[in-house]
Amino acid sequence: MKNIFILALLLVTSICSAQITVQGVVKDSIGTPLELANVIAINKETKTMASYAITNDKGRFKLDLEKNKTYTVQVSYIGMKTLSEEISTKEDNISKDYTLQNDNALAAVELTYEMPVTIKGDTLVYNADSFKDGSERKLEDVLKKLPGVEINDDGQIEVEGKVVNKLMVNGKDFFDGDSKLATKNIPSNAVDKIQVLRNYSEVGQLSGVQNNQDNVAINIKLKEGKENFWFGDITAGVGTAPDKELYLVQPKLFYYSPKYSINVIGDMNNIGEVALTNRDIRNFGGGFRLPSQSSGTSINLGDNGLGGLTNLGNAQEIETKLGAGNFSYSPNKALDLSGFLIYNSTRLRTRQESYVRYIDSDLGIPDEETVETGREASNQGIAKLSASYKPNANNQLNYDLLGRLSKDSERQNILSSVVGSTNQLEEVTPFSINQNFNYYYTLNEKNIFAFEAQHLIKDEDPFYNALLVNDPTNNDDDPQDQDAFDNTASALGFDRDQFGYNLNQDRRIKSNQLDAKLDYYYILNNKSNINLTLGTILSNQKFNSNIFQFLDDGSFFDPVATLTDGEGNLLTNENDTEYNFSDVYLGFRYRLKTGKFTITPGFSLHSYGNKNTQFGTEYKDNFFRVLPEFETLIQFKKSESLTFRYNMSNAFTDVTSLAEGLVLNSYNNISYGNPELQNSLSHNLSLRYFSFNLFNYTNVFAFANYSKNVDQIRSLTNFDNVIRTSSYFNSNFADESASVFGRVERTFKKIRARLGARFSYSKRNQFVQDIRTVSESFTQSYTPELRTNFREAPNVRLRYTYSVSNNDQGTTSTKFVVNSPSVEFDAYIWKSVTFRTDFTYTNQDDGVRPAQSFQTWDASLAYRKDKDAKWEYEVKATNLLDIDSNISNSTSNISVFTSETFIQPRFITFRVIYTL
């Protein structure tokens with residue numbers, strides 16, 4: 001790996017030495033420098049674009065050209081005549097200024113080549129063909145090559161460090177709420193322009209009165225000829241593996257016209273290649289955003305689905321089916337209708353071996369080794385319908401309806417060195433209906449009104465069953481000789497005279513929430529406005545659960561627990577709780593632009609009401625609170641800014657933390673709530689810097705966050721062996737967290753260099769065995785990267801990740817060091833063959849045991865007659881080294897663990913792709 005990096009450095013040096021620089025200033029007729037002027041150099045012999053530049057705020061540009069060549073340089077600027085001049089390069093750099101003249105006629109100018117990157121206000125436009133080398137197949141292959149754009153480890157698009165949550169195609173929503181379906185399915189040869197919409201606002205009336213610095217959207221412009229025709233591709237494949245036959249069918253079809261669009265994506269395979277994972281589906285938001293998200297109040301409705309759904313990359317077997325359809329229809333200019341339907345089904349087989357150490361050896365909690373094997377089955381469906389009505393510039397009405405339904409189950413066999421063998425089953429069939437209604441009205445140039453309301457209904461019904469070993473003959477023995485679960489079984493009231501514990505729990509959680517607000521904007525002048533907000537959050541949750549046991553003869557047994565809470569009150573195995581929450585708030589913001597500054601101070605006044613009723617007893621808490629906020633944006637220039645934010649926020653928990661009856665989260669994790677829990681108050685500060693400089697091809701962004709939680713809701717945990725019982729309380733000990741992340745990207749000729757760095761610190765208080773401990777962790781990671789971007793030659797990406805994590809947990813200290821170099825290589829050979837391969841080596845060292853490592857290596861070889869061919873044939877291999885598992889080290893607030901996760905074996909498949 002070291003030799004590869006040296007070779008890459010020599011390659012950069014040789015390329016730089018073979019080129020010279022042409023630089024200068026572009027001015028208008030009176031000598032004023034022109035910012036964002038376009039400069040293109042076209043090789044006179046090959047008629048191809050050799051280099052491009054966009055002038056900075058001082059009108060300066062820089063072109064990197066080969067020595068001893070002749071070029072045509074074109075300089076253009078909106079409203080001015082395009083200048084074209086021929087230059088010849090020698091051995092030395094060239095200094096050249098250009099003066100443009102006004103073009104009152106504004107005649108159309110035909111340029112030989114389009115600029116690879118152009119800036120139009122807050123819109124950054126990439127010409128996709130300028131970054132393609134022929135090896136691309138999907139949209140994500142193009143996005144990875146764009147300066148300032150990143151595909152993160154979760155498959156999401158990031159621009160300037162901000163995740164893109166809205167992606168459109170020809171201005172129409174494409175599965176609103178997630179960008180992965182677009183990046184992995186839209187064919188690269190259909191993409192003409194990629195428009196990055198910074199400071200994006202879906203409501204044009206509010207774009208001038210709100211701060212939208214965090215909102216980034218992407219619009220994909222299709223090439224001419226892609227409208228009014230079906231396009232896309234169909235992939236079919238077969239293959240072999242050690243113990244099964246492999247199959248793959250993936251149709252991906254798209255149709256766009258000015259009035260309507262249809263997108264159909266299908267996937268059926270047992271190879272593990274999926275566009276959306278189970279977690280993606282669960283987190284698929286459909287573009288919904290809470291009206292109260294900036295009010296300072298957050299309430300957690302909880303998630304009672306299967307929280308342990310496996311990452312697909314950590315499964316031994318994967319079978320998946322996906323069917324997705326998206327449509328949009330515009331019957332007239334005022335009305336837009338759209339929607340999507342997604343069905344996803346997966347079947348997984350998993351295996352994981354873990355070693356767990358708890359934070360303090362003096363607490364008497366034994367170390368534990370576990371082997372977990374499991375099978376997961378998930379069927380998930382999501383449907384959305386949307387309507388947007390804009391009869392004129394002063395009125396806009398939006399309505400959205402999103403429904404979810406799933407049926408998930410997980411069976412696991414857990415072999416523990418402490419507890420023995422346990423079989424457990426989890427099942428849940430939740431559904432939810434979310435409605436969104438927005439109306440925006442501009443009375444006149446001074447007064448704007450915005451009403452937003454969202455209503456959510458959610459119903460969850462998790463069921464849990466566990467079968468544990470038990471020897472009833474040792475019940476009267478010394479506690480040290482009894483079964484590991486015996487003490488817990490006795491506390492829960494189970495019958496211990498059974499040859500095995502058959503534990504069961506039914507739960508039902510129903511949530512109903514309304515979140516609404518009315519905003520009024522008064523425009524004082526073109527520099528300032530006032531925003532008044534009247535809003536409310538009304539939430540109702542009902543929680544019911546019951547723990548029971550089946551005896552050896554199959555009969556039902558209703559146990560009576562003997563556990564008590566911290567005040568000596570007897571706990572029950574049943575819950576019947578209703579929780580009502582209300583927040584009525586009035587907010588004020590003042591927005592002022594002065595010079596380079598945009599200042600937005602504000603506050604909100606909240607009237608809170610809480611009431612939970614349990615077994616006929618009411619617990620109430622009503623109070624008022626003022627939550628301040630402040631934001632300052634410094635716009636140094638059009639492509640450079642600094643933003644500072646502060647806000648105070650109130651966080652409220654969900655009904656499961658309030659219900660005082662016992663809950664089986666799993667056989668070794670039991671909890672009960674506290675009906676008198678209060679809210680948690682936090683102070684949050686953030687600082688964000690961004691710079692995009694096309695003069696020297698440098699992109700920089702950095703952000704820092706700090707949060708301090710006051711009166712934090714935390715758990716009080718006690719262990720019997722490795723079986724924990726937890727409750728919740730408000731603590732005066734503050735938790736703190738801080739993080740800094742930055743990335744610098746610079747392009748040198750055909751080489752793009754990038755360095756990312758991340759630092760994070762957290763301080764958490766916890767109570768284990770009635771002893772308070774403080775956990776502190778500090779993690780630092782560095783990711784240097786080199787990527788080439790040749791049009792003809794093969795391209796390579798070299799990346800190295802180095803991270804160090806230091807953790808102090810009571811009397812336990814750990815240090816994890818991870819080194820992970822990786823190489824990606826792709827080549828487009830003879831205009832017909834595409835070869836790709838990627839290799840990653842990961843080494844992890846905890847300083848106690850010998851370092852552990854694993855490697856992943858994938859490759860593919862594809863043939864098509866030419867780039868316009870309809871048929872393509874591909875051989876693809878994954879896990880070429882046929883490794884069994886990967887290793888991970890991690891920590892929680894109470895434990896340190898090492899896991900070995902078993903993965904799919906070597907797969908080799910042959911595929912045929914037909915392009916429409």
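Here the residue numbers are simple positions, counted from 1 along each chain's written sequence. Owing to the predicted nature of the model, reporting of local features is limited to residues with pLDDT of at least 70; listing and counting of side-chain atom pairs is limited to 80 or more, with chain, interface and lining totals taken over all residues. Calculation of side-chain values draws on the structure's entire complement of heavy atoms; hydrogens and water are dropped beforehand.

Quick notes on the overall build of the protein chain
Strands are runs of DSSP state E lasting at least two residues, helices are runs of H or I lasting at least four, and both sets are numbered from the N terminus onward. Looking only at helices and strands, the protein chain features five helices and 53 strands. In this treatment the radius of gyration is a C-alpha quantity, and the globule benchmark scales as 2.2 Å times the residue count to the 0.38 power. Computed over C-alpha atoms, the radius of gyration of the protein chain comes to 30 Å, within 12% of the 29 Å expected from 2.2 N^0.38 for 916 residues, which places it in the range of a compact globule. Each residue gets one of three labels from its accessible area relative to the maximum for its type: buried under 20%, exposed over 50%, partly exposed in between, using a 1.4 Å probe on protein chains only. Within the protein chain, the fraction of its 916 residues that count as buried is 51%. Carbon and sulfur atoms form 53% of the exposed surface of the protein chain, whose accessible area is close to 40,900 Å². Between the centroid of the 94 positive side chains of the protein chain and the centroid of its 113 negative side chains there is a distance of 12 Å. Each accessible area is a Shrake-Rupley estimate made with a 1.4 Å probe; only the visible protein chains count as cover when residues are assessed. Here the positive residues are Lys and Arg and the negative ones are Asp and Glu; neither His nor the chain ends is included. To locate a charge, take NZ of a lysine, CZ of an arginine, CG of an aspartate or CD of a glutamate.

A few points about the sheet that holds strand 11 (residues 149–151)
Here, any two strands with at least 2 DSSP bridges between them count as paired. The strand order across the open sheet formed by three strands is 11-12-13, and the pairing between neighbours is antiparallel. The outermost strands of the open sheet, each flanked by one partner alone, are strand 11 and strand 13 (162–163). The pairing of strand 12 (residues 157–159) with strand 13 spans two bridges and is antiparallel. When the bridges of strand 13 are listed, V159 appears paired with K162.

What to know about the nonpolar core
The term nonpolar core refers to a set of buried residues drawn from Ala, Val, Leu, Ile, Met, Phe, Trp, Tyr and Cys, joined through side-chain atoms within 4.5 Å. If you look at the biggest cluster of nonpolar residues, it comprises 74 residues, and the most contacted ones within it are Y126, F174, L181, I194 and I342. Residues count as neighbours in contact if any of their non-hydrogen atoms are within 4.5 Å of one another. Not counting residues up to four positions away in its chain, the partners in contact with L181 are F174, F175, I186, I265, A275, L276, F284, L322 and I342. Ranked by size, the runner-up nonpolar core spans 28 residues in total, among them F485, Y501, V722 and I894.

Observations concerning the pairing of strand 42 (residues 723–731)
In the sheet, strand 38 (residues 669–672) pairs with strand 42 via three bridges, with the strands oriented parallel. Bridging across to strand 42, N669 finds its partner in R724. Once strand 41 (residues 712–720) ends, the chain turns through two residues before running back antiparallel as strand 42, passing N721 with a positive phi of about 60 degrees.

Some remarks on unusual backbone geometry
Of note, N199 is a non-glycine position whose phi angle comes to about 50 degrees, a positive value. Relative to the helices and strands, N199 is located in the loop between strand 16 (191–198) and strand 17 (216–222). For N199, a relative accessible area of 31% corresponds to the partly exposed category. A positive phi angle, close to 55 degrees, is found at D882, a residue other than glycine. With respect to the helices, strands and loops of the structure, D882 is situated in the loop between strand 50 (871–878) and strand 51 (885–891).

Overview of the environment of E317
Looking at the element boundaries, E317 is found in strand 22 (residues 317–332). For E317, a relative accessible area of 22% gives the class partly exposed. Taking C-alpha positions, E317 is 8.0 Å from I271, a pair spaced 46 residues apart along the chain.

A closer look at the pairing of strand 39 (residues 680–693)
The pairing of strand 36 (residues 640–652) with strand 39 spans 12 bridges and is classified as antiparallel. Counterpart to S641 in the pairing with strand 39 is F690. Sheet topology note: the strand 39/strand 40 (residues 698–710) ladder contains 13 bridges and is antiparallel. When the bridges of strand 40 are listed, N684 appears paired with S707. Where strand 39 folds back onto strand 40 in an antiparallel hairpin, the turn is made up of four residues, including Y697, whose phi is positive at roughly 55 degrees.

Some words on a negative patch on the surface
Together, D471, D476, D477, D478, D481 and D497 make up a negatively charged patch on the protein surface. By the secondary structure assignment, D497 is in the loop between helix 5 (486–492) and strand 30 (501–525). A residue is classified by how much of its surface remains accessible, and D497, at 53% relative accessible area, is exposed. Exposure above 30% relative accessible area and no salt bridge define the residues that can form patches, which grow by joining like charges within 9 Å and nonpolar side chains of Val, Leu, Ile, Met, Phe, Trp and Tyr within 5 Å. Salt bridges are counted wherever a side-chain nitrogen of Lys or Arg sits within 4 Å of a carboxyl oxygen of Asp or Glu.

Brief notes about the environment of K867
Following the sequence through the fold, K867 ends up in the loop between strand 49 (852–863) and strand 50. Between the C-alpha atoms of K867 and N185, which are 682 residues apart in sequence, the distance is 18 Å. Those residues in contact with K867, other than ones at most four positions away along the chain, are Y828 and K831.

Here we look at the sheet that holds strand 2 (residues 38–43)
The strand order 3-2-5-6 describes an open sheet built from four strands, whose pairing is antiparallel. Two strands in the sheet have a free side with no partner beyond their single neighbour: strand 3 (49–54) and strand 6 (83–88). Across this sheet, the average inter-strand angle for adjacent strands is 20 degrees, counted without regard to direction. Here six bridges tie strand 5 (residues 70–76) to strand 6, and the two strands are oriented antiparallel to one another. Bridged to V73 within strand 6 is E85. Simply put, an axis is a line fit to the C-alpha atoms, just over the touching stretch for a helix, and the angle between two N-to-C directions goes from 0 to 180 degrees.

Looking at the packing of aromatic side chains
Under the pairing criterion, centres of Phe, Tyr and Trp rings, with the six-membered ring standing for Trp, must be within 6.5 Å; the plane angle then separates stacked pairs below 30 degrees from edge-to-face pairs above 60, leaving the rest tilted. Following the criterion strictly, the structure yields 29 aromatic pairs and no others. Plain terms: the ring middles of F548 and F556 are 5.2 Å apart, the flat faces sit at 35 degrees to each other, and that makes the pair tilted. On the basis of relative accessibility, which here comes to 7%, the residue F548 falls in the buried class. Among the aromatic residues, those joined into a cluster by ring pairs are F174, F175, F231, F254, Y256 and F340. Two conditions define a charge sitting above a ring: the NZ of Lys or the CZ of Arg must be within 6 Å of the ring centre, and it must be within 35 degrees of the ring normal. When the ring centre of F902 is taken as origin, the NZ or CZ atom of R351, which lies over that ring, is 5.3 Å away.

What to know about the pattern of salt bridges
When the charged atoms of two side chains lie near each other, side chains of opposite charge can form a pair. Counted by the stated rule, this structure contains 34 salt bridges. Close ionic contact of E629 with R589 constitutes a salt bridge, the shortest N to O distance being 2.8 Å. Of the two residues, E629 sits in strand 35 (residues 617–637) while R589 sits in strand 33 (residues 574–594), which places them 40 residues apart along the sequence. Ionic pairing is found between R645 and E631, a salt bridge with its closest N-O pair at 2.6 Å. Linking R645 in strand 36 with E631 in strand 35, this pair joins segments that are 14 residues apart in sequence. With relative accessibility at 10%, the residue E631 sits in the buried group. What you see here is one network of salt bridges that share partners, running through E785, R787, R797, R799 and E824.

As far as function goes, none of this settles anything; it's purely spatial.
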